[in-house]
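Observations on the model geometry
So the chains spell out like this:
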Amino acid sequence: MQPEYQTSSRRQDVESIGHSGTTLLEKEHSPIDASSLSMSPICPAPLCRQFWKAGNYDSGLIYKSSSKNGTSFLRVHPKFLHSNATSHKWAFGAIAELLDNAVDEIQNGATYAIIDKMLNPKDGTSALLIQDDGGGMDLEAMRCCLSFGFSDKKSKSAIGQYGNGFKTSSMRLGADVVVFSRCMKNRKLTQSVGLLSFTFLTRAGLDRIVVPMIEYEFMSATSKWTSICSEQHFVTNLSLLLQWSPFSTEEELLKQFDSIGDHGTKIIIYNLWLNDEGKMELDFYSDPEDIRISCDAESGKSCSRMSVSDLHLANTLRYSLRAYLSILYLRIPENFCIWLCGEIVEYHNIANDLKYREFILYKPQNGGCEEGSVITSIGFLKEAPLVNVHGFNVYHKNRLILPFWPVVVGFSVNRSRGVVGVLEANFIKPTHNKQDFEKTPLFHKLEHRLKEMTWEYWDHHCGLIGYHATKQLRAPSQDSPQSRKKHATAKRKNCDHQIEPEILKQKAGLSVNLPDPESIQNPPATTITSPLEDQEMVLLLKENKRLQARCLEIEKKEEEFNAKVTLLRKELKEEQRKYARLLVQSAVLENSKREHTVIIV
């Protein structure tokens, strides 16, 4: 049975003021006096539903600093919510920012993240749901989440670090967001609800950002959730939540915790933005198992008219959230899964799709100091040369920052067709929206080196996909690292080199695909050959054919094994879903049986 909530006559108080539109936060939980929350003397302008125009409203207020106890301070105007969110040019980048918070919770026991559509109970419009079963947020963490510039993520592996991502991403996707979180900390079980509403702030004509929030603590002695703030604070904030959130009653609001369980966080973004054509920017209906960007021209093409390049992941990720999420993280633990529209997102490792793959160790230098080493996987796409796709997928702390970044542009682009690389560059810092890197000298050095890698790889391997090779193909080296560096090509710098598969496995834990024996060209014949040399060459050719057949046999077995593993994983996930459904049905039957027993008694 769900624990009860300790309520008194507060509901009547909330109903009496919940729709007045003039209630404000009590100063007990606000750093600024409630009297400073002045209302606009004119009628608030209607909210614009198009994101890029939503910030163009006139509140009719005169902006000035205020004074409290003789000390001047500045207010954060609601317009800042919109201008702050413009850092996200791409809606999927904002969704990824919110998903990063769920992935960071893996260290606190998170096993899943859910991204789905839900309906706003008040008006039936579509809303976006993002939920995880991580550790959740206690009361102080919730306040920091809804404030600006606070971050308690001290781990070096944590993706988020600035304390601004939730505000920018949620406000980029919709005008309003309500957050539910339940947390166990210091043997105290708490839950809280917070509202960040651009609609409320603009329509009420406020000159500062107000965040209504209510907080509960579970009292084991009474088995009830009890509000831990003052009566007036609770009534005031609950009235604002019921007026501006999708839920009209306290029961509806608190029922959202049922799906969270003992710990976790649920985010509901509603009043989603429209595009310039007046359509919902996020398309929930074209594909029931996906969320798409409706304004993208590629999504309007029929599959019959789309080329191989159009259908490639490098292009579909621009408008398909499922495609983008499949490569968003370089590594995902086996016990963690991302659910999108009721279906698990299948993880996709781009490096495993590359043929004739090489691994290059790059050691960036900054002012004479070594910044660490980066292992870059580079090769041709399996669809090459049919696809006109090239570039590097650059990750930072496991998170994709630049997908298929084309370091080669202009007239030289034909010298990179089909060449794709994957690397994790933790020595450079991403921008705040995590869609690019800061343009530092280290970044420019990396860009230059990746361009060199592309040209070097193309010059030596383009003959394998039907182009005229300008340089002889390099065979896999069996020498020591010192010998390899000594015999490296003149263009390859001393700061990086090809590394052995065994060393790579130790450093990165990656699987290695050696080049196909067919790709190893025969050495050029000398002017004069002896019978002994001819005999050795024949033996080498026979051995080469034998090894080639052996490689093909191993590759075939590997494909069969991978197919079997994929099938078993799908069957396992289906059984897990069935098991989850049976558990829910069992709980419903148990509750029904219990209620029936009580009625009989």
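Reading the values: rules and limits
- All residue numbers refer to position in the chain's written sequence, counted from 1.
- Since the coordinates come from a predicted model, pLDDT governs what is reported: local features require at least 70, and pairs of side-chain atoms require 80 or more to be given and counted, while whole-chain, interface and lining totals use all residues.
- Excluded from the side-chain calculation are hydrogens and water; included are all heavy atoms of the structure.
- Three exposure classes are used, based on accessible area relative to the maximum for each residue type with a 1.4 Å probe and protein chains only: buried under 20%, partly exposed in between, and exposed over 50%.
- Strands here are runs of E lasting at least two residues and helices are runs of H or I lasting at least four, both read from the DSSP assignment and numbered beginning at the N terminus.
- A pair of strands is considered paired only if DSSP assigns at least 2 bridges between the two.
- Helix span is expected to be 1.5 Å times the residue number reduced by one.
- Note on disulfides: each one is a pair of cysteine sulfur atoms within 2.5 Å.
- We call a set of buried residues a nonpolar core when its members are Ala, Val, Leu, Ile, Met, Phe, Trp, Tyr or Cys and they connect through side-chain atoms within 4.5 Å of each other.
- Contacts are assigned to residue pairs that have any heavy atoms within 4.5 Å of one another.
- Note on ring pairs: Phe, Tyr and Trp rings are taken, using the six-membered ring of Trp, and paired if centres are within 6.5 Å. Classes follow the plane angle, with under 30 degrees stacked, over 60 edge-to-face and the rest tilted.
- Placement of a positive charge over a ring is assigned whenever Lys NZ or Arg CZ falls within 6 Å of the ring centre and within 35 degrees of the normal to the ring plane.
- Patches here are clusters of residues that have more than 30% relative accessible area and form no salt bridge, with a 9 Å joining cutoff for like charges and a 5 Å cutoff for nonpolar side chains (Val, Leu, Ile, Met, Phe, Trp, Tyr).
- All accessible-area figures derive from a Shrake-Rupley calculation using a 1.4 Å probe, and residue coverage is judged against the displayed protein chains alone.
- One speaks of a salt bridge when a side-chain nitrogen belonging to Lys or Arg is within 4 Å of a carboxyl oxygen belonging to Asp or Glu.
- We score Asp and Glu as negative and Lys and Arg as positive, and we do not count His or the chain ends.
- Where a charge sits is defined by one atom per residue type, namely NZ (Lys), CZ (Arg), CG (Asp) or CD (Glu).
- Here a polar contact means two N or O atoms within 3.5 Å. Within protein one must be a hydrogen donor candidate and the other an acceptor candidate, and residues neighboring in sequence count only if both atoms are side-chain atoms.
- In this description, a line fitted to the C-alpha atoms serves as the axis of each element, helices being fitted only across the stretch in contact, and the angle between N-to-C directions of two axes falls anywhere from 0 to 180 degrees.
- In these notes the angle categories are as follows: under 35 degrees is roughly parallel, over 145 is roughly antiparallel, 65 to 115 is roughly perpendicular, and the rest is oblique.
- When the near helix sits turned anticlockwise from the far one by under a right angle, the crossing is termed left-handed; a clockwise turn instead gives a right-handed crossing.
- Residues are sorted three ways: Asp, Glu, Lys and Arg are charged, Ala, Val, Leu, Ile, Met, Phe, Trp, Tyr, Cys and Pro are nonpolar, and all the rest, Gly among them, are polar.
- pLDDT is a per-residue confidence score from the predictor, ranging from 0 to 100.

**Re the pairing of strand β7 (residues 188-197)**
Most of β7 sits out of view: nine of its ten residues are buried. Taken together, the ten bridges between strand β6 (residues 174-185) and β7 define a ladder with antiparallel strand orientation. By the bridge assignment for β7, F180 is matched with V193. Taking the residues that link successive antiparallel strands as the turn, the β6-β7 hairpin has two residues, and the phi of N186 there is positive, at about 55 degrees. As paired strands, β7 and strand β8 (residues 213-219) are joined by five bridges and run antiparallel to one another. Counterpart to V193 in the pairing with β8 is I214.

**Remarks on helix α8 (residues 231-244)**
Helix length check: α8, at 14 residues, gives a terminal C-alpha distance of 20 Å against a target of 20 Å (1.5 Å per residue), a fit within 8%. Turning to α8, its buried residues are H233, F234, V235, T236, N237, L238, S239, L240, L241, L242 and W244.

**Describing the state of the cysteines**
Think of a disulfide as a covalent bridge from one cysteine sulfur atom to another cysteine sulfur atom. All chains considered together, the criterion is met by zero disulfides. Here C144 is not cross-linked by a disulfide; its sulfur's nearest cysteine counterpart is in C145, at 8.9 Å. In this structure C144 comes out as partly exposed when scored by relative accessible area, which is 21%.

**Some details on unusual backbone geometry**
The peptide bond linking A384 to P385 adopts the cis configuration, its omega dihedral lying at 5 degrees. Within the element layout of this structure, P385 appears in the loop between β18 (374-381) and β19 (391-396). In this model, N271 sits at a positive phi of 50 degrees, which is unusual for a non-glycine residue. Tracing the backbone shows N271 in strand β10 (residues 264-272). At F404, a position not held by glycine, the phi torsion is positive, near 50 degrees. Within the secondary structure, F404 sits in strand β20 (residues 399-405).

**Structural notes on the nonpolar core**
Ranked by internal contacts, the top residues of the largest apolar core, which has 99 residues, are L99, I115 and L128. Excluding anything up to four places from it in sequence, L128 contacts I95, I115, D116, L173, I267, I268, I269, L272, L282, F284 and I291. If you look at the next biggest cluster of nonpolar residues, it comprises 28 residues, including V374, A384, V394 and L402.

**Quick look at the packing of aromatic side chains**
Counted by the stated rule, this structure contains 13 aromatic pairs. Every member of this aromatic cluster is reached through a ring pair, and the members are F380, Y457, W458 and Y467. We note K439 situated over the ring of F443; from NZ or CZ to the ring centre the distance is 4.9 Å.

**A few points about a negative patch on the surface**
On the surface, E555, E558, E559 and E560 cluster together into a patch of negative charge. Summarising the element assignment, E558 is placed in helix α15 (residues 531-600).

**Side note on helix α6 (residues 165-173)**
Counted residue by residue, α6 has nine buried out of nine residues, so it is predominantly covered. Within the span of α6, buried status applies to G165, F166, K167, T168, S169, S170, M171, R172 and L173.

**Thoughts on the environment of N366**
Looking at where N366 falls in the secondary structure, it is placed in strand β16 (residues 365-366). With a relative accessible area of 33%, N366 lands in the partly exposed category. If near-sequence neighbours (up to four positions away) are discounted, N366 is found in contact with E371, L442 and K445.

**Quick word on the side chain of S197**
Among the secondary structure elements, S197 is positioned in strand β7. The class for S197 is buried, based on a relative accessible area of 1%. Within polar-contact distance, the side chain of S197 engages the backbone nitrogen of F200 at 2.9 Å.

**Things to note about the packing of helix α4 (residues 91-104) against α6**
Across the interface, α4 lies against α6 with an axial gap of 8 Å and an inter-helix angle of 140 degrees. One way to sum up the angle between α4 and α6 is to call them oblique. For α4 against α6, the interelement crossing comes out left-handed. Here A91, A94, I95, E97 and L98 of α4 lie close against α6, whose contacting residues are G165, F166, S169, R172 and L173. Class assignment of the residues belonging to the contact of α4 with α6 gives a composition of six nonpolar, two polar and two charged.

**Details of the pattern of salt bridges**
Enumeration over the complete set of coordinates arrives at 19 salt bridges. The salt bridge involving K573 is made with E346; its shortest N-O contact spans 3.3 Å. Of this pair, K573 sits in helix α15 while E346 sits in the loop between β14 (343-344) and β15 (354-362), and the two are 227 residues apart along the sequence. Classification of E346 as partly exposed rests on a relative accessible area of 43%. Ionic pairing is found between E452 and R449, a salt bridge with its closest N-O pair at 2.9 Å. One end of the pair is E452 and the other is R449, both in helix α12 (residues 441-461) and three residues apart, which spans about a single turn. Look at E452 and you get buried, because its relative accessible area is 18%.

**Focus: the confidence of the model for the chain**
Put simply, the chain has an average pLDDT of 78, and 71% of its residues get 70 or more. When pLDDT is averaged over each element of the chain, helix α11 (residues 321-326) comes out on top at 97 and helix α13 (residues 481-486) at the bottom at 41. Taken as a whole, residues 61-68 scores under 50 in pLDDT and shows 19 contacts with residues more than four places along the chain or in a different chain. The low-confidence segment residues 500-529 (pLDDT under 50) makes 52 contacts with residues lying over four places distant or belonging to another chain.

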